[in-house]
Amino acid sequence: MTREEAAARLYRGGAEYRQLLDVGQATIARALDTARRALPEGPERTAVRHALDDLMDRHLLPADAPPIAGAQLDTEIEA
């Protein structure tokens, strides 16, 4: 999808679609941050921190974000 196509999709979707994207980003960010805090200091924790920064600063979703977020949300739901 080009930048123009993405902008057109956001425009067509309106406020509801933008809110859905914001909620999804916030949910994944929270799950990544919780997973990051559970890791010991080291390269894995740093990698998750960089993925979180990319998500928040550049809106780039890391390839492994959905499984991390899903596992974290499953844990929270069970608790």
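Structure shown above.
What counts as what
Residues numbered from 1 in each chain as written. Predicted model: local features only at pLDDT ≥ 70, side-chain atom pairs only at ≥ 80, totals over all residues. Heavy atoms only, no water. Salt bridge = Lys/Arg side-chain N within 4 Å of Asp/Glu carboxyl O. Buried < 20%, exposed > 50% of the residue type's maximum accessible area, 1.4 Å probe, protein only. Helix = DSSP H or I, 4+ residues; strand = E, 2+ residues; numbered from the N terminus. Expected span 1.5 Å × (residues − 1). Bend = angle between axes of the 7 residues up to and from the residue. Axes fitted to C-alpha atoms, helices over the stretch in contact; angles between N-to-C directions. Parallel < 35°, antiparallel > 145°, perpendicular 65-115°, else oblique. Left-handed = near helix turned anticlockwise from the far one by under 90°. Contact = heavy atoms within 4.5 Å. Nonpolar A, V, L, I, M, F, W, Y, C, P; charged D, E, K, R; others polar.

Enquirer: Could you give an account of the pattern of salt bridges, with specific residues and numbers?
Expert: All chains considered together, the criterion is met by five salt bridges. A salt bridge links Arg45 to Glu41, with the nearest nitrogen and oxygen atoms 3.5 Å apart. Of the residues examined, Glu41 reaches a relative accessible area of 70% and is grouped as exposed. A salt bridge links Asp53 to Arg49, with the shortest nitrogen-to-oxygen separation between them at 2.5 Å. Of this pair, Asp53 and Arg49 both sit in helix α2 (residues 43–58), four residues apart, which is roughly one turn of the helix. One network of salt bridges, in which partners are shared, links Asp33, Arg36 and Arg37.

Enquirer: Go over helix α1 (residues 3–38), please, and point to the residues and values.
Expert: If you check α1, its first and last C-alpha atoms are just 36 Å apart, much less than what 36 residues at 1.5 Å a residue would give, namely 52 Å. Along α1, the sharpest kink reaches roughly 115°, centred on Gly14. Burial in α1 covers these residues: Gly14, Gln25, Ile28, Ala29, Ala31, Leu32, Thr34, Ala35 and Arg36.

Enquirer: Describe unusual backbone geometry, listing the residues and the values that go with them.
Expert: Unlike most non-glycine residues, His59 shows phi in positive territory, near 60°. Turning to its location among the elements, His59 is positioned in the loop between α2 and α3 (65–78). Under the relative-accessibility criterion, His59 is labelled exposed at 57%.

Enquirer: Any details on the packing of α1 against α2? Residues and values, ideally.
Expert: Contact geometry of α1 with α2 gives a least axis separation of 9 Å together with a crossing angle of 165°. Relative to α2, the element α1 lies roughly antiparallel. Where α1 crosses over α2, the two elements pack in a sense that is left-handed. Judged by residue contacts, Gln25, Ile28, Ala29, Leu32, Asp33, Arg36 and Arg37 of α1 engage Arg45, Val48, Arg49, Leu52, Leu55 and Met56 from α2. The residue inventory of the contact of α1 with α2, partitioned by class, reads seven nonpolar, one polar and five charged.

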